[in-house]
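# Examination of the molecular architecture
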Amino acid sequence: MTNIFAEAEDDDDSNIVELPARWEHATPRQLSTSDVDRFEGHLAEILHALGMDLETPGTSDTPRRFLQALRDATAGYDGDAKLRTAFPSERPAGVEGAHSQIVEGPIGFFSLCEHHALPFHGTAHVAYVADGEILGISKLTRLVRLYARRFTVQERLGEEIADGLIALVAPRGVAVHLEAAHLCTQMRGVNEERSRTVTTFWRGAYEEDADLRREFLDEVRSRRSE
């Protein structure tokens with residue numbers, strides 16, 4: 001049986017700038033073949049106890065696929081080497097004044113709630129006011145998904161995205177807006193099918209400047225209405 005937790009190869013990038021961040025030290029998860037076999041057996045036992053017939057062509061391989069799906073959904077624990085890339089801020093020489101904010105979104109994400117291991121999913125908007133360095137735009141999506149693809153809660157997810165961006169490029173300010181639907185309240189419990197949870201997080205200049213916060217939230221609202 002193939003070990004689905006085998007270590008993945010990092011992409012080679014000779015221009016990487018090393019930064020002291022947590023993903024730099026992440027170690028890809030590895031399980032032995034015997035561990036994978038054992039976990040598949042436990043999953044088969046649980047699924048059978050819950051009523052699944054595992055003797056059909058469509059379900060006989062479900063324990064293996066379920067384990068693989070969980071591994072894919074929590075890939076953020078493996079880190080993302082491509083986040084270790086930053087660039088000079090590209091400001092032309094002689095230009096004075098503060099940088100404007102950079103806003104990216106909506107960034108779609110899926111995560112697993114650590115309370116029930118059920119998905120929550122939605123969109124993120126991330127903004128920052130650069131100082132000496134900027135990130136490639138795709139890195140903001142990578143940053144969101146690095147932390148989203150773990151067992152977490154929405155409140156912590158936003159904090160980690162904000163603090164992760166600070167660790168990457170030390171900007172003057174960071175703003176994060178998350179809006180998500182939680183299956184743990186929609187499929188079970190109160191069964192509230194249409195509720196969505198909104199959280200916002202501010203760092204640096206955004207904490208100090210109400211106009212900057214307002215500009216960011218207006219931009220988020222305009223993109224949601226598109």
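Residues numbered from 1 in each chain as written. Predicted model: local features only at pLDDT ≥ 70, side-chain atom pairs only at ≥ 80, totals over all residues. Heavy atoms only, no water.

## Section: the overall build of the protein chain
Across its full length, the protein chain holds seven helices and seven strands. Scanning the protein chain from its N terminus toward the C terminus, one meets helices and strands in the order α-α-β-β-β-β-α-β-α-β-α-β-α-α. For the protein chain, buried positions account for 39% of its 226 residues. Counting contacts in the protein chain only where the partners sit at least 6 residues apart, residues at least 24 apart contribute 70% of the total. (Helix = DSSP H or I, 4+ residues; strand = E, 2+ residues; numbered from the N terminus. Buried < 20%, exposed > 50% of the residue type's maximum accessible area, 1.4 Å probe, protein only. Contact = heavy atoms within 4.5 Å.)

## A look at the nonpolar core
Formed by 30 residues in total, the largest nonpolar core has its most connected members in Phe109, Tyr128, Ile161 and Leu165. Those elements giving two or more residues to this core turn out to be strand E2 (101-113), strand E3 (119-129), helix H3 (137-148), helix H4 (154-169) and strand E6 (173-182). Excluding anything up to four places from it in sequence, leucine 165 contacts Val126, Ala127, Tyr128, Leu135, Leu140, Leu143, Ala170, Pro171 and Val174. Listed in part, the ten residues of the second largest apolar core include Ala175, Ala205, Leu212 and Val220. (Core = buried A, V, L, I, M, F, W, Y, C linked by side-chain atoms within 4.5 Å.)

## Brief notes about the packing of helix H1 (residues 33-49) against helix H2 (residues 62-73)
As a packed pair, H1 and H2 sit with axes 8 Å apart at the nearest point and diverge in direction by 110 degrees. Overall, the two elements H1 and H2 adopt an arrangement that is roughly perpendicular. Our pair here, H1 against H2, has a crossing hand that is right-handed. The segment H1 lies against H2, with Val36, Phe39, Glu40, Leu43, Ala44 and Leu47 engaging Thr62, Pro63, Arg64, Phe66 and Leu67. Considering only residue class, the contact of H1 with H2 consists of eight nonpolar, one polar and two charged. (Axes fitted to C-alpha atoms, helices over the stretch in contact; angles between N-to-C directions. Parallel < 35°, antiparallel > 145°, perpendicular 65-115°, else oblique. Left-handed = near helix turned anticlockwise from the far one by under 90°. Nonpolar A, V, L, I, M, F, W, Y, C, P; charged D, E, K, R; others polar.)

## What about a negative patch on the surface?
Where like charges cluster on the molecular surface, the negative patch consists of Glu207, Glu208, Asp209 and Glu215. Locating aspartate 209 in the fold gives a position in the loop between helix H6 (205-208) and helix H7 (210-224). Using a relative accessible area of 34% as the deciding quantity, one classes aspartate 209 as partly exposed. (Patch = residues over 30% accessible without salt bridge, like charges linked within 9 Å, V, L, I, M, F, W, Y side chains within 5 Å. Areas by Shrake-Rupley, 256 points an atom, 1.4 Å probe, with all protein chains shown as cover. Salt bridge = Lys/Arg side-chain N within 4 Å of Asp/Glu carboxyl O. Lys, Arg positive; Asp, Glu negative; His and termini not counted. Charge placed at Lys NZ, Arg CZ, Asp CG, Glu CD.)

## Quick look at unusual backbone geometry
Residue proline 106 follows glycine 105 across a cis peptide bond; omega there is 0 degrees. Its place among the elements puts proline 106 in strand E2. A positive phi is found at alanine 117, a non-glycine position, where the angle reads about 60 degrees. Inspection of the secondary structure assignment puts alanine 117 in the loop between E2 and E3.

## A short note on the side chain of threonine 199
With respect to the element layout, threonine 199 can be found in strand E7 (residues 197-204). Here glutamine 154 takes part through its side chain, which lies 3.0 Å from a polar atom of the side chain of threonine 199. Beyond its immediate sequence surroundings of up to four residues, threonine 199 is in contact with Gln154, Val176, His177 and Leu178. (Polar contact = N/O pair within 3.5 Å; in protein donor to acceptor, adjacent residues only side chain to side chain.)

## What about the confidence of the model for the protein chain?
Any segment with low pLDDT has predicted coordinates that should not be analysed in fine detail. With 83% of its residues at a pLDDT of at least 70, the protein chain reaches an overall mean of 86. Between residues 1-21, whose pLDDT stays under 50, and residues either more than four places distant or in other chains, the model counts 35 contacts. (pLDDT = per-residue confidence, 0-100.)

## Here we look at the environment of valine 174
Its location among the elements puts valine 174 in strand E6. The exposure class assigned to valine 174 is buried, which follows from its relative accessible area of 1%. For the pair valine 174 and glutamine 101, spaced 73 residues apart in sequence, the C-alpha separation works out to 8.8 Å. In this structure, valine 174 is in contact with Ala127, Tyr128, Ala162, Leu165, Ile166, Phe201, Trp202, Arg203 and Tyr206, ignoring residues within four places of it in sequence.

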